[in-house]
Amino acid sequence: MKETKIKTKNLTLFYGAKMALNSISVDIPENEVTAFIGPSGCGKSTFLRTLNRMNDLIPGVKITGEVLVDSLNIYDKQIDVVNLRKKIGMVFQKSNPFAKSIFENVAYGPRINGITDRKKLEEIVERSLKNAFIWEEVKDRLHDSAMGLSGGQQQRMCIARTLAVEPEIILMDEPASALDPISTAKIEELIFELKKNYTIVIVTHNMQQAARVSDLTAFFYLGELIEFGKTKKIFTSPDKKQTEDYITGRFG
Amino acid sequence: MSKRKSLTGGIFIGATALSAFLIIAVIIVLLVVIILGGKGTFSWEFLTAFPTDGMMKGGIFPAIYGTALLVLIMSVAAVPFGTITAIYLTEYASEKSILAQTIRFAVRTLATVPSIIFGLFGLGFFIKFVGGGMDNFFLGGELKWGQPNILWASLTMALLTLPVVIVSVEEAIRTVPRELREASLALGATKWETIKRIVLPGSRAGIMTGTILAVSRGAGEVAPILFTGAAYYLATLPTSLSDQFMNLGYHIYIMATQSANVDQTLPIQFATTMVLLMLTFMLNLTAVIIRARLRRKAK
Ligand SMILES: Nc1ncnc2c1ncn2[C@@H]1O[C@H](COP(=O)(O)OP(=O)(O)OP(=O)(O)O)[C@@H](O)[C@H]1O
Ligand SMILES: [Mg+2]
């Protein structure tokens, strides 16, 4: 087993009076792909968003328990959320390009980190787009609006945009759910490449996808973590009946 | 029974159609009268020349120039201030905070205050208090800022148009999708960086709309500048913030009430009205088009 990158201890989250996560404890290892699966509304996105403190933005959210990233509690008062989010990138379900050029989208993160040197920005943009497997498709139109890309291209550009900040962890919330099979395959291939250098946590509704891309799988149900373990094991001989029922499609 | 129902229904439809027709008819008659009355006087010359013969003849250039300068200075004051207020209300204040609710209440109230009250406020606050204070403090009591001028008139007008700007910008800020803000924050941007780089550029059209609506309002209002800076007649254009200025709306008022021979200046009044109407109509039309585009984008 590799070293633990993210560790949660009894993480509980309320939206107002409604409990969305009930005492979740997991160890997510470094440089592996961890998939979250479970029926709609079970708290996968909510859990993912506690890992980069995205839920801070929603009024009425109350969180107890701990999230440790590299053994530091990210909900500690001394933690700088902005720096934390530079270390933990996030790719969203719906691709969300800014109404700017492809170049400016990818350069956005480096720019807010104070990089102004044109040469350096060009380098970062090219490297990030290459790492997201989209360079060849966009290299001649870097200064066109990102809105003109196809859905799959937009999503890979958003991944490039995340890579440009050089995070250590990448959180992905159903990154391929709005894409066609070819784009999905590209994203999966990309995830496979990325895990050499990044810790990846991915939410997915697609069982085959979880089985294909992940090393570890966590099954959530109604805000609880039912089972967590090696993907192979979860998909072939799960310990819990609920997990088996869900994976075999008997509910959810 | 059903017959009676359809009868009242018919009367109702007839009444609404009649009202609608009346409104349109009034507008058409108004336009026709103004255009017929003004078209003989309206010319390039009329737009670019100074009034002559004790304002009985000549053009209205100083009034156009003064109006333009007025709305320009007004915009420079109202747009940034209104935008900052809108940003505070939408991005920083929680809906329930007392300060935010107080500001909202103040903005709504400001929008309903009769414009002459703004004029009186400008006289009391800007001219007597601020301007008078400046004269006493910097000039040892010499009268310079403590009298009507284009700066105080513009600031008074800025207060009047502030609600328009705030409401337009707020609306535009709300159309910037949450996904884009989240994308920016997730890349490690601070809240302020997100506002500066994503929210404000995304609200450009709304800020434009607000500005245009404010300008069109400011170009047409007379009461706020009555005591704060508008002049009856000036032989030269204003060159300093402490100068008085001529104004289209005020010019019409003067011509219609104070002129040596009101009947003789009637064509000038019509033509000036025509200019003012065209100006505000064009500004409003532009604002409507931008706003419609914005709304479509929001959907
Ligand atoms: N902002 C919010 N305010 C209140 N309740 C919320 C909020 N966001 C999510 N919830 C609730 O919390 C629960 C978990 O939601 P979450 O979005 O995490 O589920 P999910 O597993 O990601 O579902 P899906 O697969 O449909 O994306 C749901 O019952 C949802 O209704
Ligand atoms: Mg979700």
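Residues numbered from 1 in each chain as written. Chains lettered and ligands numbered in written order. Predicted model: local features only at pLDDT ≥ 70, side-chain atom pairs only at ≥ 80, totals over all residues. Heavy atoms only, no water.

### So, the overall build of chain B
Phase 1: Helix and strand counts for chain B stand at twelve helices and two strands.
Phase 2: Ordering the α and β elements of chain B from the N terminus gives α-α-β-β-α-α-α-α-α-α-α-α-α-α.
Phase 3: Principal-axis analysis of the C-alpha atoms places the extent of chain B at approximately 80 × 70 × 35 Å.
Phase 4: The proportion of buried residues among the 299 residues of chain B is 42%.
Phase 5: Taking the contacts inside chain B whose residues are at least 6 apart along the sequence as the reference set, 73% of them involve residues at least 24 apart.
Phase 6: Carbon and sulfur atoms provide 72% of the accessible area of chain B, an area that totals close to 15,900 Å².
Phase 7: Treating the 24 positive side-chain charges of chain B as one cloud and the 14 negative ones as another, the clouds have centres 14 Å apart. (Helix = DSSP H or I, 4+ residues; strand = E, 2+ residues; numbered from the N terminus. Buried < 20%, exposed > 50% of the residue type's maximum accessible area, 1.4 Å probe, protein only. Contact = heavy atoms within 4.5 Å. Areas by Shrake-Rupley, 256 points an atom, 1.4 Å probe, with all protein chains shown as cover. Lys, Arg positive; Asp, Glu negative; His and termini not counted. Charge placed at Lys NZ, Arg CZ, Asp CG, Glu CD.)

### Here we look at empty space enclosed by the protein
Phase 1: In this structure the tally under the stated criterion is one cavity of 30 Å³ or more.
Phase 2: Lining of the largest cavity is provided by Met 90, Val 91, Phe 92, Asn 96, Cys 158, Arg 161 and Thr 162 of chain A together with Ala 183, Ala 186 and Leu 187 of chain B.
Phase 3: Of all the secondary structure elements, the ones that give two or more residues to the lining of the largest cavity are strand S6 (88-91) and helix H6 (151-163) of chain A together with helix H7 (178-186) of chain B.
Phase 4: Looking at which element gives the most residues to the lining of the largest cavity, the answer is H6 of chain A, with three residues.
Phase 5: Here the residues of the lining of the largest cavity sort into seven nonpolar, two polar and one charged. (1 Å grid on protein atoms, 1.4 Å probe; cavity = no way out; pocket = protein on both sides within 12 Å on 5 of 7 lines; lining within 4 Å. Points joined across faces, edges and corners; volume = space filled by probe spheres on them. Nonpolar A, V, L, I, M, F, W, Y, C, P; charged D, E, K, R; others polar.)

### With respect to the packing of helix H4 (residues 118-131) of chain A against H6 of chain A
Each pair of packed helices can be described by the angle between their axes along with the distance between the axes.
Residues and elements named next belong to chain A.
Phase 1: Close contact between H4 and H6 brings their axes to 8 Å; oriented N to C, the two are set at 130°. Classified by the interaxial angle, the pair formed by H4 and H6 is oblique. In this structure, H4 crosses over H6, and the sense of that crossing is right-handed. Mapping the contact onto sequence places Ser 128, Leu 129 and Asn 131 in H4 and Met 157, Ala 160 and Leu 163 in H6.
Phase 2: A class-by-class count of the residues in the contact of H4 with H6 yields four nonpolar, two polar and no charged. (Axes fitted to C-alpha atoms, helices over the stretch in contact; angles between N-to-C directions. Parallel < 35°, antiparallel > 145°, perpendicular 65-115°, else oblique. Left-handed = near helix turned anticlockwise from the far one by under 90°.)

### Here we look at the interface of chain A and chain B
Phase 1: Each partner contributes residues to the interface: chain A has 22 residues there, and chain B has 16 residues.
Phase 2: Taking both partners together, chain A and chain B bury about 1,600 Å²; carbon and sulfur atoms supply 65% of that area.
Phase 3: Its largest share of buried area at the contact with chain B, chain A owes to Phe 98, Tyr 108 and Ile 112 of chain A, together 32% of the area lost on that side.
Phase 4: Between Glu 182 of chain B and Arg 49 of chain A there is a salt bridge, and its shortest N-O distance comes to 2.8 Å.
Phase 5: Here chain A is connected to chain B by four residue pairs in polar contact (both at pLDDT 80 or more).
Phase 6: Here the side of chain A that touches chain B is built from residues that sort into twelve nonpolar, four polar and six charged. (Buried area = accessible area lost by both parts, 1.4 Å probe. Salt bridge = Lys/Arg side-chain N within 4 Å of Asp/Glu carboxyl O. Polar contact = N/O pair within 3.5 Å; in protein donor to acceptor, adjacent residues only side chain to side chain.)

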